[in-house]
Amino acid sequence: MTASPLPDPAPEALAHSARLQELLRAQIDEAGGAISFARFMELALYAPGLGYYSAGASKFGAEGDFITAPELGPVFAACVAEAIAPVLQQIGPHARLLELGGGTGAFAEVALKRLLELDALPDRYCILEPSAQLRERQRERLQQRLVPPVFDLVEWLDRPFDDDWDGVVFANEVIDALPISRFAIEGGDAASDGQQPGEVLEEHVAVEDGRLVRVLRPADTFLANAVRFIEKRLERPLPDGYRSEVLPQLPYWIQAVAGGLQRGAMLFVDYGYPRQEFYLPGRDDGTLRAYYRHHVHDDPLVWPGLQDITASVDFTALAEAGVAAGFDFAGYCSQASFLMGNGMAHVLSRIEKIKDEAERQRRSNEVKRLTLPSEMGERFQVMGFQKDVEFGIAFLAGDLSHRL
Ligand SMILES: C[S@@+](CC[C@H](N)C(=O)[O-])C[C@H]1O[C@@H](n2cnc3c(N)ncnc32)[C@H](O)[C@@H]1O
């Protein structure tokens, strides 16, 4: 990933972004001059037909803006399948697998092939995908690459299950794409013995001199209370001028996707930190990032619709949300430890046997990217939850839960 300068978009891409900016300006006008940053992010990523994930821009892989673990090759999904197979087998033949945010379908393809080999196919493999364009991409890929009886297990959902069900929820790099609220602290006196907290303000997006800009407005009670909760758990007020982000809706989101799950597990993979590290005093502008053609930068307002916008996950908040939704916490570790503990040895022995030199090299490079601390190995972490099932050995290696 490189820092600026950003490559110029093609004229048709700029025209696309201009249409989304028109919509943003109309919404800003309608709202009396500013919309919350969370609303901006929601529109920039998901406005029907215009948002980054809803429209046709290529996002994944070498030609796109970023690369995810399942896009690198088959290793990641094969190891995740290894971890969830025992859970599906404990539940039995009626188990469902719900994948949130299926990307290009790369994860589903490999996971289903590996689950078939492990004799652990679910009864239904459901993909909850808000982007119509990505759904089409997933459908095409899976139809071409899966044998018909396995393809027939796959279906697409518009919303989470509304009945009671048993099975597994899986999401890779989805929580980082949920629209976050940005906040700023103004005033207060963290240095004094009294530890007087400052006022909580919320970042909004407005138009000034014809350009989109970020401005501060007083936070509503929902956001202000979410920030006060963070300070309470940190046991210190956040200092004057501190800016960061929070996902106050995370507990409701988890409840919405897995509320009907009676027996089963949830597995989330993403980049992030435990709360104490997320809100370190030095991390005073949060973790918000924009990705444009493999350039990472910190201006989310550039070319709306053409770049991805993400923020890291507060894994302590995720642990609290999972438990609040009625699950037992199953484990938390780095992606490297998780993959090592779930079939990586088997994958490596298969790689050694590959005769084609170039293919063997590609697979070894993939393993390095997934596991090296300087690549995705430590930055990405895995958190699991279980209800009336056991992940078994899935979280035995490299437990990080003491850091939560
Ligand atoms: C960064 S991509 C990751 C895709 C895929 N999981 C991968 O690893 O390649 C984020 C995905 O989450 C989806 N997404 C965003 N909000 C979602 C939500 N509320 N529920 C389910 N999926 C969502 C996006 O459409 C997109 O497919």
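These figures come from a predicted structure and were not determined experimentally.

A. Representation of the pairing of strand E2 (residues 96-100). The buried count for E2 comes to five of five residues, which makes it a mostly enclosed element. With burial as the criterion, each face of E2 is covered, one bearing Arg96, Leu98 and Leu100 and the other bearing Leu97 and Glu99. Where E2 and strand E3 (residues 124-128) come together, five bridges link them in parallel fashion. Residue pairing for E3: Glu99 is matched across the bridge by Ile127. Handedness of the crossover joining E2 and E3 through helix H5 (residues 106-117): right-handed. Relative to strand E5 (residues 165-172), E2 runs parallel, the two sharing five bridges. Across the sheet, residue Glu99 finds its bridge partner in E5, namely Phe170.

B. Quick peek at the site of the ligand. Neighbouring the ligand are 18 residues, the closest being Tyr46, Thr68, Gly101, Glu129 and Asn172. Between the ligand and the protein, one listed contact pairs a nitrogen atom with a backbone N or O atom of Gly101 at 2.8 Å. The side chain of Trp253 places a nitrogen or oxygen atom 3.4 Å from a nitrogen atom of the ligand. Relative to its free-state accessible area of 590 Å², the ligand is covered by the protein chains to the extent of 93%. Applying the majority rule of atoms within 2 Å of the grid points places the ligand in the largest pocket. By residue class, the composition of the shell around the ligand is 11 nonpolar, five polar and two charged.

C. A look at the packing of helix H9 (residues 250-258) against helix H11 (residues 315-324). Viewed as axis vectors pointing N to C, H9 and H11 meet at an angle of 45°, and their least axial separation amounts to 9 Å. Here H11 runs oblique to H9, going by the angle between their axes. In the packing of H9 onto H11, the handedness of the crossing is right-handed. Facing Leu250, Pro251 and Ile254 of H9, the residues of H11 in contact are Ala317, Leu318, Ala321 and Gly322. Within the contact of H9 with H11, the residues separate by chemical class into six nonpolar, one polar and no charged.

So, how was this worked out
Residues numbered from 1 in each chain as written. Predicted model: local features only at pLDDT ≥ 70, side-chain atom pairs only at ≥ 80, totals over all residues. Heavy atoms only, no water. Buried < 20%, exposed > 50% of the residue type's maximum accessible area, 1.4 Å probe, protein only. Helix = DSSP H or I, 4+ residues; strand = E, 2+ residues; numbered from the N terminus. Pairing = 2+ DSSP bridges. Right-handed = clockwise from strand over helix to strand, strands pointing away. Near = heavy atom within 4 Å. Polar contact = N/O pair within 3.5 Å; in protein donor to acceptor, adjacent residues only side chain to side chain. Areas by Shrake-Rupley, 256 points an atom, 1.4 Å probe, with all protein chains shown as cover. 1 Å grid on protein atoms, 1.4 Å probe; cavity = no way out; pocket = protein on both sides within 12 Å on 5 of 7 lines; lining within 4 Å. Sits in = over half its atoms within 2 Å of the grid points. Nonpolar A, V, L, I, M, F, W, Y, C, P; charged D, E, K, R; others polar. Axes fitted to C-alpha atoms, helices over the stretch in contact; angles between N-to-C directions. Parallel < 35°, antiparallel > 145°, perpendicular 65-115°, else oblique. Left-handed = near helix turned anticlockwise from the far one by under 90°. Contact = heavy atoms within 4.5 Å.

Geometric descriptors of this kind do not, in isolation, establish any biological role.
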